[in-house]
Every structure is written in structure tokens, then in C-alpha cells.
Amino acid sequence: MRKIWARLHRYLGLAAALFLLQAGLTGCIIAYQQELDAWLNPELFSSPAQGAMLDTPALLARLQREQPQYRVVSLPLTREPGKTLRVTVRPADPNQEPVADELFVDPISGKVLGGRLWGACCFERQHLIPFIYAFHYSLQLPGEVGLWVMGLAAIVWLFESLIGFYLTLPKFFSRRGQVIESSPNSDSQRKTWLHRWAPVWRIKPSASRTRFNFDLHRAGGLWLFGFMLMFAVSAISLNLRDAVFEPAVSLFSNFTPSPFDAREQRAERPPTESKVDFQQVLQTAKTDAVGHGWRQPPTTIFYNAQYGIFGVGFGETEGLGLTYLYYDGETGAYLGDYAPGTGTVADVFEAWQWPLHSGRIIGLPGRILVSMIGIGVIVMVVTGTRIWLHKQKPARAWH
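Since this is a predicted model, take the numbers as computed values, not measurements.

Visitor: What should I look at first to understand the overall build of the protein in this one?
Guide: When helices and strands are tallied, the protein shows 13 helices and eight strands. Principal axes of the C-alpha set define a box for the protein whose edges measure 80 × 45 × 40 Å. By the burial criterion, 40% of the 399 residues in the protein qualify as buried. Considering only intrachain contacts with a sequence separation of at least 6, the fraction spanning at least 24 residues in the protein is 58%. Positive and negative side-chain charges in the protein, numbering 38 and 32 respectively, have mean positions lying 18 Å apart.

What follows is the structure, given as C-alpha cells:
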């Protein structure tokens, strides 16, 4: 039976190898996406103007006046001296192909310094980091094809990791079916079992290259096991949320319905313009936030034209992320809120997935850790492939 699991581990690893290799490599890069993007494109991210910054109503009015071909989707509400505002937009005409969906606006003059289509191909300086980011989770394949491909690769990775962990465990039975340890629950026998397991956690540098490669793969997989499970599960949640993640988690706990869930059918219709403006929603949200006992200032506002819902975010993107208040785009009526880390067990579990996957749960140290784990995944893929190639040598020689 163990041989069957070993063979399954090998072939699952080979099936997912290329996908994990690209995910590990691109993941190391996009852990620092904001810093790298700003470094590559200072003309987009740096604001040369000096003086008083425009408030939100004035900035929106200027954008509507000078960029009538666009409608604002989201707008950051915080201002930093010397930095532009990255405003997300959509075409005013739903039938028009977007030329840009990101505008970089000087917060002092209100002038648009540049724009781009996020995730567009390929290696131009302005497009490089967003392209790599999109390639990380979708391979830049059309529609939802890429999401499914990488989501299925994450499922394979999950099972392959679990099988690999099982294969490192010492045997309980001999080949003849005899129990190797008659009482693994006793303290003395437990120590014996752990003693037999301890060597697989170590790497012997003085071993032969073949043995060193095997030890690196096996011990490295053990040390990274918890992280690989975490990344596999979080990747499934991000790529296959509706199709796989939520149905699976719902077997154990229910999710709290959101205002977006109630408007799923509406999302299939063409986008609808809001009848209330951003500033009206923002003022209402500030008042409601006080009633909720939230002390953080609002940091972002968006309007989802497919669902007809405004959202106002409070707090910081690090940690579990922003807290949101939602409003109807036609009447401005309050629709609900979202506070990450609250609600049912399923709600809390889902809220943790993106912060853990990105490393933003603990800020910069978390992102550094994510990039290091990405390197570890690459090492696992390379060493695993070398083990497989080494096992093919006798077969090639025989033929």
C-alpha cells in the first residue's frame, strides 16, 4: 500500500510541478508588488506638485469633468505627500473596450499623470508587475480557464503534500504484517516511534549528491508542510471560492450571506449607474461608523456597478484587512457591513485566507516570509523532479 501512495505522490507532484514552479517564482516577486511597481514606474506613482491636496469632492469633480469617458470604480481616501492616487475606473459606455482601468492622479492638481490596463500583456515597464501578478493566479488564460487550472493545481498540491507527509512517517507494520511497536500509546513506545521519525527531519551535508537531494526534498517538505497546506487551501479559496471552497467549508459551518449574495442575478445584467454620489455615501458611512463604534478613518470607497452597491472601507490593509459598510447605489440605503474575523467559523476561516496567502497578516515580515516559502516551493519542485529523473535511469538502461 505504501508503494501505491509513493507512486501517487510522485505523479501528482509531476503533474503540478510546472504550475508550482511558476507560482513559487511569481509569488516571490508579487510579495513586493507595490514597491517594485513604484520603483519601475516613478512617473506614475510619484507626485511632483506641492501645495494643499484636493479633497474628495473636488478631485471627483475634476475627474468627471476632464475624463468623461470614464466612471470611477474605486478611490483611495488617504493622501501621502509625494505620492499619486491610484483610481480604478471603467468605461462610461459599457459597450466600449477599456483603454485603461487605472488612472494615476496627482492629489494636489487633480491632473491625471498616466493610465494603464491592469494585467495587460506583457513586459513593458508599466505592465510588468500587474502582468506577473495576474499570471501568478490565472496564467493569463482567457475567462475563468486560468482560475480553474491554477485552482485544480492547488487541489493537487494539497493532496500531494498530505501524501508526502504520510510517507515520512515510520511504519507501524512490517512486511509480514507484524506490529513493529505493540503499544505506540505508551510513553516508552512513543519515544521509540519519534526516535525513528527524527532522522527524516535532518539533512546530512556530507552525503552523496543523490542522497543530499533526497534528504533536502523530504526534510524540506516536512519543515514547510504546514505552510504548503496553508498556501494550497488559500489558493483554492481565492481561485475556486464559489465552486469548491465555500461548498466544502459549508459542510462544517454556514457562511453569513452578504449584500452581494442577495444580488447574484442582478450581476448578470449590464452595469447600472448610481443615483447617489460618492460624497453622499461617504458622509453617511462616516456617521454610521461612529454608530458601530469604529474609530478608524475611511480609507477607500468603491461602487460596484454590476451589483449596484457602494462600499466604504475603514482601517488598514495589513492584518485581516479593511472593514466595510455597504450601501445601495440607487437609494443610498444601508445594506450591511463586513468585519473580517467576525461571524461564523466559516466566515472567520475565509477571512484569514487572503491575509495568510499574501503574508499581509503580519505586514512586511509576513511578505518576506511568503517570498522565502516561495523559494522553498521551487526547491521542492526541483529536488522532486531530480528524484524522479534519478529513478528513471535504470529503466532507460534496461531498454
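Visitor: I'm lost on the layout of surface pockets in this one. Help?
Guide: Left-over empty space is what a probe sized like a water molecule reveals as it rolls over the atoms. Here the second largest pocket defines a volume of roughly 1400 Å³. Looking at the second largest pocket, it is lined by 42 residues, and the ones nearest its centre are Ala-6, His-9, Gly-164, Leu-167 and Thr-168. For the lining of the second largest pocket, the element with the most residues is helix α1 (residues 2-30), which contributes ten residues. Broken down by class, the residue content of the lining of the second largest pocket amounts to 23 nonpolar, ten polar and nine charged.

Visitor: Where do I start with the packing of helix α6 (residues 145-168) against helix α9 (residues 225-239) in this structure?
Guide: How two helices sit against one another is set out by the angle between their axes and by the gap between those axes. Packing of α6 against α9 brings their axes to within 9 Å, and their N-to-C directions diverge by 155°. Relative to α9, the element α6 is oriented roughly antiparallel. Two packed elements cross with a definite hand, and for α6 against α9 that hand is left-handed. Counted together, Gly-146, Leu-147, Met-150, Gly-151, Ala-154, Ile-155, Trp-157, Leu-158, Ser-161, Leu-162 and Phe-165 of α6 and Phe-225, Met-228, Leu-229, Phe-231, Ala-232, Val-233, Ala-235, Ile-236 and Asn-239 of α9 form the full contact between these two elements. The residue makeup of the contact of α6 with α9, split by class, is 16 nonpolar, four polar and no charged.

Visitor: Please clarify how helix α4 (residues 56-66) should be interpreted in this entry.
Guide: Each α-helix winds once per 3.6 residues, and so residues spaced three or four apart point in a common direction. The complete set of buried residues in α4 reads Thr-56, Leu-59, Leu-60 and Leu-63. The arc that holds the buried residues of α4, viewed along the axis, is 95°, so those residues lie on one side.

Visitor: Mind showing me how you'd approach the sheet that holds strand β7 (residues 323-328) here?
Guide: Strand pairing in a sheet is mediated by backbone hydrogen bonds. Such pairs are either parallel or antiparallel. Read from one edge of the open sheet, eight strands run β4-β3-β2-β1-β5-β6-β7-β8, paired in antiparallel fashion. Of all the strands in the sheet, the pair left with one neighbour each is β4 (112-116) and β8 (334-338). On average, each strand axis in the sheet is tilted by 25° relative to the strand beside it, whichever way the strands run. Here strand β1 (residues 70-76) runs beside strand β2 (residues 85-91); their pairing, made up of four bridges, is antiparallel. Across the sheet, residue Val-72 finds its bridge partner in β2, namely Val-89. Contacts between helix α11 (residues 278-292) and the sheet are confined to β1, β5 (298-304), β6 (309-314), β7 and β8, with β7 contributing the most and set at about 130° to the helix.

Visitor: Teacher, can you tell me more about unusual backbone geometry here?
Guide: Trans is the common state for peptide bonds, and a negative phi is the common state for residues other than glycine. Note that the residue after Cys-121, namely Cys-122, is joined by a cis bond; omega there is 5°. Considering the arrangement of structural elements, one finds Cys-122 in the loop between β4 and α5 (128-138). A positive phi angle is found at Leu-139, which is not glycine, with a value near 60°. By secondary structure assignment, the location of Leu-139 is in the loop between α5 and α6. Located in the positive-phi region is Gln-140, a residue other than glycine, with phi close to 60°. Relative to the helices and strands, Gln-140 is located in the loop between α5 and α6.

Visitor: Would you mind showing me how to read α5 here?
Guide: Taking burial as the measure, the eleven residues of α5 include eight buried ones, the bulk of the element. Buried within α5 are the following residues: Ile-129, Pro-130, Phe-131, Ile-132, Tyr-133, Ala-134, His-136 and Ser-138. Looking at the buried residues of α5, the elements they touch are α1, α2 (33-40), β4, α6 and α12 (345-358). Following α5 by one or two positions, Leu-139 adopts a phi angle in the positive range, close to 60°.

Visitor: How should I be thinking about the packing of α5 against α6 in this particular structure?
Guide: Direction vectors running N to C along α5 and α6 enclose 60°, while the axes themselves pass 7 Å from each other. It follows that α5 is oblique to α6 by the angle criterion. The residues of α6 that touch α5, namely those facing His-136, Tyr-137 and Ser-138, are Gly-146, Leu-147 and Met-150. Grouping the amino acids of the contact of α5 with α6 by side-chain chemistry returns three nonpolar, three polar and no charged.

Scoring rules and cut-offs
- Numbers given for residues are sequential positions, taken from 1 along each chain in its written order.
- Side-chain atom pairs in this predicted model are given and counted only at pLDDT of 80 or more, local residue features only at pLDDT of at least 70, and totals for whole chains, interfaces and linings cover all residues.
- The basis for the side-chain values is all heavy atoms of the structure; hydrogens and waters are excluded.
- Each helix is a run of H or I in the DSSP string that is no shorter than four residues. Each strand is a run of E no shorter than two, and both are numbered from the N terminus.
- Categorising residues by exposure relies on relative accessible area from a 1.4 Å probe, with only protein chains included: less than 20% of the type maximum marks a residue as buried, more than 50% marks it as exposed, and the intermediate range marks it as partly exposed.
- Note on contacts: a residue pair qualifies if any of its non-hydrogen atoms lie within 4.5 Å across the two residues.
- Charged-residue counts in this description rest on Lys and Arg as positive and Asp and Glu as negative, His and the chain ends being excluded.
- Throughout, a charge is located at the NZ atom of Lys, the CZ atom of Arg, the CG atom of Asp or the CD atom of Glu.
- Here the term cavity refers to a set of points on a 1 Å grid, laid over the protein atoms alone, in which a 1.4 Å probe fits but cannot get out; the term pocket refers to an open set having protein on both sides within 12 Å along at least five of seven lines, with lining residues being those that place an atom within 4 Å of a point.
- Grid points are joined across faces, edges and corners, and a volume is the space filled by probe spheres set on the points.
- Only Asp, Glu, Lys and Arg are considered charged in this grouping, and only Ala, Val, Leu, Ile, Met, Phe, Trp, Tyr, Cys and Pro are considered nonpolar; every other residue, Gly among them, is considered polar.
- A fitted line through C-alpha atoms serves as each axis, taken over the contacting stretch for helices, and the angle formed by two N-to-C directions is quoted from 0 to 180°.
- By definition in this entry, angles of less than 35 degrees are roughly parallel, angles greater than 145 are roughly antiparallel, angles of 65 to 115 are roughly perpendicular, and the rest are oblique.
- Should the near helix be turned anticlockwise from the far one by less than a right angle, the crossing is termed left-handed; should it be turned clockwise, right-handed.
- Comment: arc refers to directions from the helix axis out to C-beta atoms.
- The criterion for strand pairing is that DSSP finds at least two bridges linking the strands in question.

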